[in-house]
Amino acid sequence: MGFLSVLSMAHRLVQERVRPGDPVIDGTCGNGMDTLFLAGLTGPRGSVYAFDVQEQALARTRERLAPLAADGRMPNLHAVLDSHARIREHVQAELHGKVAAAMFNFGYLPGADPSVITETQSSVSALEAALDVLRPGGIVTAVLYPGHEGGDAEAAAIEAWASALPQVAAQTLLYRMAQKPTAPYLIAIEKRT
Ligand SMILES: C[S@@+](CC[C@H](N)C(=O)[O-])C[C@H]1O[C@@H](n2cnc3c(N)ncnc32)[C@H](O)[C@@H]1O
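Residues numbered from 1 in each chain as written. Predicted model: local features only at pLDDT ≥ 70, side-chain atom pairs only at ≥ 80, totals over all residues. Heavy atoms only, no water.

Draft legend 1. Geometry of the site of the ligand. The full set close to the ligand counts 21 residues, and Thr-28, Asn-31, Asp-52, Gln-54 and His-84 are the nearest of them. At a separation of 3.1 Å, a nitrogen atom of the ligand approaches a polar side-chain atom of Ser-83. Within the complex, 94% of the 600 Å² of free accessible area of the ligand lies under protein. Per-class residue counts for the shell around the ligand are 7 nonpolar, 11 polar and 3 charged. (Near = heavy atom within 4 Å. Polar contact = N/O pair within 3.5 Å; in protein donor to acceptor, adjacent residues only side chain to side chain. Areas by Shrake-Rupley, 256 points an atom, 1.4 Å probe, with all protein chains shown as cover. Nonpolar A, V, L, I, M, F, W, Y, C, P; charged D, E, K, R; others polar.)

Draft legend 2. Up close: the sheet that holds strand S1 (residues 23-26). With mixed pairing, the 7 strands of this open sheet are ordered in space as S3-S2-S1-S4-S5-S7-S6. Of all strands in the sheet, those bounded by a partner on one side alone are strand S3 (76-81) and strand S6 (170-175). Strand-to-strand twist of the sheet, defined as the mean angle between neighbouring strand axes without regard to direction, takes the value 15°. Its contacts with the sheet put helix H5 (residues 120-133) on S1, strand S4 (99-105), strand S5 (134-144) and strand S7 (185-191), and the angle it makes with S5 is roughly 155°. Along the sheet, helix H6 (residues 151-163) contacts S5, S6 and S7; its crossing angle with S7, the most-contacted strand, is approximately 25°. (Pairing = 2+ DSSP bridges. Helix = DSSP H or I, 4+ residues; strand = E, 2+ residues; numbered from the N terminus. Axes fitted to C-alpha atoms, helices over the stretch in contact; angles between N-to-C directions. Contact = heavy atoms within 4.5 Å.)

Draft legend 3. A look at the nonpolar core. With 31 residues, the main nonpolar core has Ile-25, Ile-87, Phe-104, Val-140 and Ile-189 as its most contacted residues. At the level of elements, strand S2 (47-52), S4, H5, S5, H6 and S7 are the ones that each hand at least two residues to this core. Sort the elements by how many residues they give to this core and H5 lands first, with 7 residues. Apart from the residues within four sequence positions on either side, Val-140 is in contact with Ala-102, Phe-104, Leu-127, Ala-130, Leu-131, Leu-134, Ile-187, Ala-188 and Ile-189. (Core = buried A, V, L, I, M, F, W, Y, C linked by side-chain atoms within 4.5 Å. Buried < 20%, exposed > 50% of the residue type's maximum accessible area, 1.4 Å probe, protein only.)

Draft legend 4. View of the environment of Ala-112. One can find Ala-112 in the loop between S4 and H5. With relative accessibility at 18%, the residue Ala-112 sits in the buried group. As a C-alpha pair, Ala-112 and Leu-68 span 44 residues in sequence and 25 Å in three-dimensional space. In this structure Ala-112 touches Gln-54 and Gln-56, once residues within four positions along its chain are discounted.

Draft legend 5. Just the packing of helix H1 (residues 6-15) against helix H2 (residues 33-42), in detail. Two elements in contact, H1 and H2, have axes whose closest approach is 11 Å; the angle formed by their N-to-C orientations is 25°. Between H1 and H2, the crossing angle belongs to the class labelled roughly parallel. Handedness of the crossing formed by H1 with H2: right-handed. Residues His-11, Val-14 and Gln-15 of H1 form the contact with H2, whose participating residues are Asp-34, Phe-37, Leu-38 and Leu-41. For the contact of H1 with H2, the residue count by class is 4 nonpolar, 2 polar and 1 charged. (Parallel < 35°, antiparallel > 145°, perpendicular 65-115°, else oblique. Left-handed = near helix turned anticlockwise from the far one by under 90°.)

Draft legend 6. Quick look at the side chain of Arg-135. With respect to the helices and strands, the residue Arg-135 is situated in strand S5. Here Arg-135 falls in the buried class, since its relative accessible area comes to 13%. Non-local contacts of Arg-135, meaning those with residues more than four positions away in its chain, are made with Arg-17, Arg-19, Asp-22, Gly-97, Lys-98, Val-99, Ala-100 and Lys-191.

These figures capture arrangement, not role.
Shown next as structure tokens:
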């Protein structure tokens, strides 16, 4: 039967925690797959913040969500052309401490310029910012690619940061194929306080 893929596991963990009307974040919207998933969970009363540094990613995301508008399922979509390191600046102040989930899928946009890639320092800053705006019980998910060039250092830095979080503040989960050290893996962080 096999285990859930890292992407499916990320979706399952998020689905268990997001309710209709919640504010949520896609920190790396890319082709918009995770944004669409989040929009389906939060529904028309929710707010979805989708970040990317490439306009073509935001365009693909808007296009992917367009059918939701046709039948009244479109959430309040904020497509943000800026680094996810600036989550605090872009998420409305009154939603700080209320965000139910923030999803990140690091690396580069498939089918686009592979040199536009997430970078260790801004990735860790983004995860810190996401944890800051989360509500207690909310979740951050991060899919990491240790097999990509540069992805190994980024994954190691993120794993070290997440493992060092105080247990009273957050709980960190690693979901990884132990026999495949270069395969993508998932870190999930549930905020406690
Ligand atoms: C692996 S792709 C995301 C895939 C996406 N979740 C999907 O469902 O298609 C990574 C994305 O991160 C974006 N990115 C790179 N650096 C970024 C940054 N500092 N802030 C926000 N997005 C960034 C890339 O442009 C790319 O679109």
